[in-house]
Amino acid sequence: TVLPLGEFRKWINIRRLSQDPEGVFFCEYTVFREIYRLEARRALRAGITEYVMLLTIRLDLQDKQADPARIQYYRKKASTKLWQVLKKYLRMGDVVARYSDEQFLVMLPYCNYESSQKVARRILSNFRKVMGSQKITVKVETRDVSMDYELPPERKGGVTWSHEKKSKTTETMI
């Protein structure tokens, strides 16, 4: 797929803003989808595995009648803290996109399954340290990058991954 000129300019501006010579590449979801497609083809051709993670922030507020403003405050705080953890603890070359207000996608090039699980544990551990709250958790789903699985075309309030595909999907939560 060829990006229209306007989208390409947007991508270039995002790239300038998101380049961090020491770490992860942050991009818009539309750019992430294109990178995913390229990585899936490359992985198939090279016979290697790569993994993508879906991180979902969960609030466990006991009070079912909790104030919506309070809930929104905690969501925003957790999202900001998770973004900071991703920026600090992922490798140069890893790719991150926000999928929804409470979800991030992380692509881990040149990463086998065991290494992807170590990355997940590192993210979860450091998120727990910076949040300091047991009421806010992160669910991590890991899936191999594959031509058999296409990412959804748009963000519509978040996503959950179906497990009927033949790819390996695991879940980790703190």
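All chains use their own residue numbering, which begins from 1 and follows the written sequence. This being a predicted model, a pLDDT of at least 70 is required before a residue's local features are given, and a value of 80 or more before pairs of side-chain atoms are given or counted; all residues contribute to the totals for chains, interfaces and linings. Only hydrogens and water are set aside when side-chain values are computed; all heavy atoms of the structure are taken into account.

Novice: What's the story with the side chain of Thr142 in this structure? I'm lost.
Specialist: As for its placement among the helices and strands, Thr142 is situated in strand 5 (residues 136-144). Here the term buried applies to any residue with accessible area under 20% of the maximum for its type, exposed to any over 50%, and partly exposed to those in between, with areas from a 1.4 Å probe on protein chains only. Take Thr142: its relative accessible area is 0%, and that puts it in the buried class. Engagement of the side chain of Thr142 in a polar contact is seen with the side chain of Gln117, the distance being 3.2 Å. Working definition: helices are DSSP H or I runs of at least four residues, strands are E runs of at least two. Numbering for both runs from the N terminus. Pairing of N or O atoms within 3.5 Å defines a polar contact, subject to two protein rules: one partner must be a possible hydrogen donor and the other a possible acceptor, and residues neighboring in sequence count only if both atoms are side-chain atoms.

Novice: Please explain the pairing of strand 4 (residues 103-108) as it appears in this structure.
Specialist: Regular strands show a simple pattern: their side chains alternate between the two faces of the sheet. Within strand 4, six of the six residues are buried, which leaves it mostly tucked inside the rest of the structure. Both faces of strand 4 are covered, namely the face carrying Gln103, Leu105 and Met107 and the face carrying Phe104, Val106 and Leu108. For two strands to count as paired, DSSP must find a minimum of two bridges between them. Pairing geometry for strand 2 (residues 51-59) and strand 4, over six bridges, is antiparallel. Across the sheet, the residue bridging to Thr56 is Gln103, located in strand 4. One ladder, built from five bridges, connects strand 3 (residues 95-100) with strand 4; its direction is antiparallel. Within the sheet, the bridge partner assigned to Val95 lies in strand 4 and is Met107.

Novice: Could you clarify how one ought to interpret the environment of Ala78 in this entry?
Specialist: Looking at the secondary structure, you find Ala78 in helix 3 (residues 68-89). For Ala78, a relative accessible area of 0% gives the class buried. Residues Ala78 and Glu102, spaced 24 residues apart in sequence, show a C-alpha to C-alpha distance of 8.3 Å.

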